[in-house]
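# Architecture and fold: a report
Chain by chain, the residues run as shown.
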Amino acid sequence: QVQLVESGGGLVQPGGSLRLSCAASGNIFSINNMGWYRQAPGKERELVARITEVGSTNYADSVKGRFTISKDNAKRTVYLQMNGLRPEDTAVYYCNIRVVVRSTYRSLEVWGQGTLVTVSS
């Protein structure tokens, strides 16, 4: 019903930057919260950043001042600009959105497939 396509991961040196994108498509009436989570090897998945329908944002303390979440409503896309990357940012990053499905008008949480970000020299 609803699909998410992520892009933008890769290998970057410490101090470098990457921009992740996540585009939503399908049977969507509206999009509520959009966010990014990450999961490092051997660790639990954690919230990185979230942006609400009205544009309010919140960030994990570990990324404040380095990462910026934004969205393009017309494109149904959420972005994560990551600057000042550190080795400890290495993880699989997952897009997460909550939508209202057009056919049922029910809320649905959707996860992306994940994109690997590796920070290493």
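None of these values were measured; they are calculated from a predicted model.

### Structural notes on the overall build of the protein
- Across its full length, the protein holds zero helices and 11 strands.
- Relative to its length of 121 residues, the protein is compact, with a C-alpha radius of gyration of 14 Å against a globular reference of 14 Å.
- Summarising its shape, the C-alpha atoms of the protein cover approximately 50 × 25 × 25 Å along the three principal directions.
- Out of the 121 residues in the protein, the part that is buried amounts to 40%.
- Looking at the protein alone, contacts between residues at least 24 apart form 55% of all its contacts between residues at least 6 apart.

### A short note on the pairing of strand E10 (residues 107–111)
- In the sheet, strand E9 (residues 91–101) pairs with E10 via five bridges, with the strands oriented antiparallel. Bridge pairing in E10 places Arg-98 opposite Glu-109.

### Notes on the environment of Arg-19
- Inspection of the secondary structure assignment puts Arg-19 in strand E3 (residues 18–26).
- When the C-alpha positions of Arg-19 and Arg-38 are compared, they lie 14 Å apart, and in sequence the two are 19 residues distant.
- Not counting residues within four places of it along the chain, the set of residues in contact with Arg-19 comprises Ser-7, Gly-8, Tyr-79, Leu-80 and Gln-81.

### A look at the environment of Gly-35
- Relative to the helices and strands, Gly-35 is located in strand E4 (residues 28–39).
- Accessibility expressed as a relative area gives 2% for Gly-35, which makes it buried.
- Not counting chain neighbours up to four residues away, the residues in contact with Gly-35 comprise Ala-49, Arg-50, Ile-69, Tyr-94, Cys-95 and Asn-96.

Parameters at a glance
Residue numbers run consecutively from 1 along every chain, following the written order of its sequence. Given that the model is predicted, a residue must reach a pLDDT of at least 70 before its local features are reported, and side-chain atom pairs must reach 80 or more before they are shown or counted; all residues, however, enter totals for whole chains, interfaces and linings. Heavy atoms from the whole structure form the basis of all side-chain values; hydrogens and water molecules are not counted. Each helix corresponds to a stretch of at least 4 residues labelled H or I by DSSP, and each strand to a stretch of at least 2 residues labelled E; elements are numbered beginning at the N terminus. Each radius of gyration reported is based on C-alpha atoms, and the globular scaling rule is 2.2 Å times the count of residues to the power 0.38. Three labels apply to residues, based on accessible area from a 1.4 Å probe with only protein chains included: buried if under 20% of the type maximum, exposed if over 50%, partly exposed otherwise in between. A contact between two residues is defined here by any heavy atoms of the two lying within 4.5 Å. Pairing between strands requires that DSSP locate at least two bridges from one strand to the other.

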